[in-house]
Amino acid sequence: MPAAMRGGSRVSAKPRAKAPPSTKARPQPKKQGAYAPGKLKAARGVGLSPAYALAAAAAVLALTMGVTLATGGRGQALHSAINEAVGSEFASLGFKLKAVHVQGASTMATADILKAAGVYEDQPVLGLDLEEVRKRIETVGWVKEARVVRLLPDTLVLAVVERRQLAVWQSGGKSRVIDETGRVIPEADPRRFPNLPLIVGAGANEFAAQILPEVAARPRLAERLEALVRVDGRRWDLRLKDGSLVQLPAVDEGAALIQLEQLDQRSRILELGFERIDLRDPTTVAVRPRDGALPGQLVANGA
């Protein structure tokens, strides 16, 4: 069998005159992108050029997008059908889901996010509806917002912004973890958050974000705090670990805490202990000693 000659022609026996060197600059080869060639080994395994596989996938997806845009809302069903068909076709070329990476989530939240995503190993990557996956992830209580990225041929990235856990809220005989907006995070187990402050009472979750920074700004008070109790939906009582009670007013809680801080600087009252400090009247600070032997002491504001 004669050997195939490159270019489809034989070399002439008679030498030909060499053409003068061209003065035109040869075009430089285009640099390839940073995509790792090893990711396309599945396409090579079936005898398909990786570059051709990617180009074909991009062409089909572009066609799908064009049809959807041209037909408006009516194209949504067609878009899904084409996605499914494309996914099944290219799955045989190695475009199957092999890895899912969750970014921005804590260890406790990751399992719930993966469960909500609803994806599985060897699922056709090009058939995934990324918008639907994103919506499912954002139904998880841990998640504030999410973004889903497809990395061909076999990887999915779930990038989330997790809700910040603010406090443990006790109300109606139940304990729940809330975020900084007061929203409950259903999947969070309160027993796994012993370092979060405890707030108690109906509606306490709605006002926790206002009072907690005021308390945290006063370390001597914060380290002694056991719970913040919402009273009549209007104001807070601070229960300390030694049984002491600090009664705050319904308005201007920050000013009342400044009064408490000043009293503690003068008398170290947080160390000595007391039964109750009443800060509800901005003009006076009423202190009741722990033993109850002495009547409540009225201390003029600023004294």
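Residues numbered from 1 in each chain as written. Predicted model: local features only at pLDDT ≥ 70, side-chain atom pairs only at ≥ 80, totals over all residues. Heavy atoms only, no water.

A. Structural detail: the environment of R268. As for its placement among the helices and strands, R268 is situated in the loop between α8 (253-267) and α9 (269-272). If near-sequence neighbours (up to four positions away) are discounted, R268 is found in contact with R220 and L263. One polar contact links R268 to E271, side chain to side chain, over a distance of 2.9 Å. (Helix = DSSP H or I, 4+ residues; strand = E, 2+ residues; numbered from the N terminus. Contact = heavy atoms within 4.5 Å. Polar contact = N/O pair within 3.5 Å; in protein donor to acceptor, adjacent residues only side chain to side chain.)

B. Up close: the confidence of the model for the chain. Taken residue by residue, the chain gives an average pLDDT of 79. The fraction at 70 or more is 65%. Confidence drops under a pLDDT of 50 for residues 1-15, and excluding neighbours within four residues, the segment shows two contacts in the predicted structure. Note on residues 293-303: pLDDT under 50 across the span, and 17 contacts to partners over four residues away in sequence or across chains. (pLDDT = per-residue confidence, 0-100.)

C. Spotlight on the packing of aromatic side chains. Applying the stated criterion across every chain, the model contains one aromatic pair. A centroid spacing of 6.4 Å and a plane angle of 40° characterise the contact between W142 and F193, whose relative ring orientation is tilted. Remark: F193 occurs in the loop between β5 (174-179) and β6 (198-200) and W142 occurs in the loop between α5 (130-137) and β2 (143-151); sequence separation between them is 51 residues. Exposure class is identical for W142 and F193. Each is buried. (Phe/Tyr/Trp six-rings, centres within 6.5 Å; stacked < 30°, edge-to-face > 60°. Buried < 20%, exposed > 50% of the residue type's maximum accessible area, 1.4 Å probe, protein only.)

D. Quick peek at the pairing of strand β8 (residues 235-240). For β8, the tally of buried residues reaches five of six residues, placing the bulk of the element in the interior. Hairpin geometry of strand β7 (residues 225-231) and β8 is characterised by an intervening segment of three residues between the two adjacent antiparallel strands and by a positive phi of about 55° at D232. By the bridge criterion, three bridges tie β8 to strand β9 (residues 245-247) in an arrangement that is antiparallel. Residue pairing across strands places D237 opposite Q247, the latter belonging to β9. Connecting β8 to the antiparallel partner β9 that follows it, the hairpin turn spans four residues, and G243 within it adopts a positive phi of roughly 95°. (Pairing = 2+ DSSP bridges.)

E. View of the pairing of β5. Pairing between strand β4 (residues 165-171) and β5: six bridges, direction antiparallel. Each bridged residue has a counterpart across the sheet, and for V168 the counterpart in β5 is V177. Between the antiparallel neighbours β4 and β5 lie two residues, among them G172 with a positive phi of about 60°.

F. The packing of helix α6 (residues 204-216) against α8, seen in detail. In the contact formed by α6 and α8, the axes pass within 10 Å of each other and the chain directions differ by 20°. With respect to their mutual orientation, α6 and α8 come out roughly parallel. For the pair α6 and α8, the crossing hand works out as right-handed. Across the interface between the two elements, I211, E214 and V215 of α6 pack against E253, G254 and L257 of α8. Residues belonging to the contact of α6 with α8 are distributed by class as follows: three nonpolar, one polar and two charged. (Axes fitted to C-alpha atoms, helices over the stretch in contact; angles between N-to-C directions. Parallel < 35°, antiparallel > 145°, perpendicular 65-115°, else oblique. Left-handed = near helix turned anticlockwise from the far one by under 90°. Nonpolar A, V, L, I, M, F, W, Y, C, P; charged D, E, K, R; others polar.)

G. Layout of α8. With 15 residues, α8 extends 21 Å from end C-alpha to end C-alpha; this agrees with the ideal 21 Å at 1.5 Å per step. Those residues of α8 that fall on the buried side of the exposure criterion are E253, G254, A256, L257, Q259, L260, L263 and D264. A positive phi of about 55° marks R268, the residue just after α8. (Expected span 1.5 Å × (residues − 1).)

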